[in-house]
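Examination of the molecular architecture
Single-letter residue listing:
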Amino acid sequence: SQEINDPNAMTLSSVDHDGMPNVRIVLLKSWDEKGFVYYTNLESAKGVEVLGSGKAALNFHWKSVRRQIRIRGLTESVDDAEADAYFESRPRLSRIGAWASQQSRELQSREALMDKVATIEARYPGDDIPRPPHWSGTRVKPLYIEFWREADFRLHDRLVFTRSNPDSGWTRQRLYP
């Protein structure tokens, strides 16, 4: 069977400027040989933390298939063309929301958010909504990838691939459960 609930949902871990870890769920939007990409408000806590440290960790957990993948790596912003293309593919109200939300900052009331949405909708009445300058994608360039598979009696299978930098080759090893 396959994971049916948000198979592209991944945990994103970062560290704030005080060294305190932070974790949340985001959605993987693309991946290739360069890395794993998600999109967010760059002024949000995750945007500031990830781009500030240049590092992040990801975890995919597919409970229904008893698998997970852990990734640790360096981060970079996607280029404008890639961010623009993804932004244009989003539903209209999601694009409006990217302008309206001051993600991670205090919100006085739900009405204040909805008023901001209405203001942005009036500014962009059609479907031509530019990408906000504070909204983009982040690519996690993996240095560590662990494939974990559940096994009976907690004798799980763990296969790890590591490399010293994003341009070097991979080393493979198996870990005790």
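The shown structure was predicted, so the numbers you read here are calculated from the model rather than taken from an experiment.

A separate point is the overall build of the protein. Of the regular secondary structure elements, the protein holds four helices and nine strands. The order of helices and strands in the protein, counted from the N terminus, is β-β-β-β-α-β-β-α-α-α-β-β-β. Each principal axis of the C-alpha distribution contributes one length, and for the protein these read about 55 × 35 × 35 Å. Counting only contacts in the protein whose residues sit at least 6 apart along the sequence, the fraction spanning at least 24 positions is 56%. As displayed, the protein offers around 11000 Å² of accessible surface, 51% of which is attributable to carbon and sulfur atoms.

Residues Tyr39, Ile96, Ile120, Tyr124, Ile129 and Trp135 are the most contacted members of the largest nonpolar core, which totals 16 residues. If you tally residues by element for this core, the top one is helix α3 (residues 92-100), at four residues. Residues contacting Trp135, with those up to four places away along its chain left out, are Tyr39, Thr40, Asn41, Ala83, Tyr86, Phe87, Arg90 and Ala98. Counting 15 residues, the second-largest nonpolar core is a separate cluster that includes Val26, Ala56, Trp62 and Ile69.

Position of Arg95 relative to the elements: it lies in helix α3. Not counting residues within four places of it along the chain, the set of residues in contact with Arg95 comprises Phe87, Glu88, Arg90, Asp127 and Ile129.

Phi at Arg66 is positive, roughly 55°, even though this residue is not glycine. By the element assignment, Arg66 lies in the loop between β5 (55-62) and β6 (67-77). On the basis of relative accessibility, which here comes to 45%, the residue Arg66 falls in the partly exposed class. With a phi angle near 60°, Arg154 is a residue other than glycine that sits in the positive phi range.

It is worth spelling out the pattern of salt bridges at this point. It is possible for side chains bearing opposite charge to pair when their charged atoms get close. Within the structure shown, the criterion is met by 14 salt bridges. Close ionic contact of Glu49 with Arg24 constitutes a salt bridge, the shortest N to O distance being 3.2 Å. Taken as a pair, Glu49 in helix α1 (residues 45-53) and Arg24 in strand β2 (residues 21-27) lie far apart in primary sequence, 25 residues in all. Arg24 matches Glu49 in its accessibility class, with the two residues each being buried. Because the salt bridges share partners, they merge into one network encompassing Glu76, Glu82, Arg139 and Lys141.

It is worth spelling out the packing of aromatic side chains at this point. Overall, the coordinates contain seven aromatic pairs when judged by the stated rule. Summarising the aromatic geometry, the rings of Tyr39 and Trp135 are spaced 5.3 Å apart at their centres and angled 15° between planes, so their arrangement reads as stacked. Residue Tyr39 is located in strand β4 (residues 35-41), and its partner Trp135 is located in strand β7 (residues 135-149); the two are separated by 96 residues in the primary sequence. Accessibility classification places Tyr39 together with Trp135 in one group, the buried group. Between Phe147 and Phe161 the ring centres are 6.0 Å apart and the planes differ by 85°, which places this aromatic pair in the edge-to-face class. With a gap of 14 residues between them, Phe147 in strand β7 and Phe161 in strand β8 (residues 157-162) connect regions that are remote in the sequence. With relative accessibility at 38%, the residue Phe147 sits in the partly exposed group. Judged by its relative accessible area of 21%, Phe161 is partly exposed. The ring centre of Tyr144 lies 5.8 Å from the NZ or CZ of Arg72, which sits over that ring.

What counts, and at which threshold
- Residues numbered from 1 in each chain as written.
- Predicted model: local features only at pLDDT ≥ 70, side-chain atom pairs only at ≥ 80, totals over all residues.
- Heavy atoms only, no water.
- Helix = DSSP H or I, 4+ residues; strand = E, 2+ residues; numbered from the N terminus.
- Contact = heavy atoms within 4.5 Å.
- Areas by Shrake-Rupley, 256 points an atom, 1.4 Å probe, with all protein chains shown as cover.
- Core = buried A, V, L, I, M, F, W, Y, C linked by side-chain atoms within 4.5 Å.
- Buried < 20%, exposed > 50% of the residue type's maximum accessible area, 1.4 Å probe, protein only.
- Salt bridge = Lys/Arg side-chain N within 4 Å of Asp/Glu carboxyl O.
- Phe/Tyr/Trp six-rings, centres within 6.5 Å; stacked < 30°, edge-to-face > 60°.
- Lys NZ or Arg CZ within 6 Å of the ring centre and 35° of its normal.

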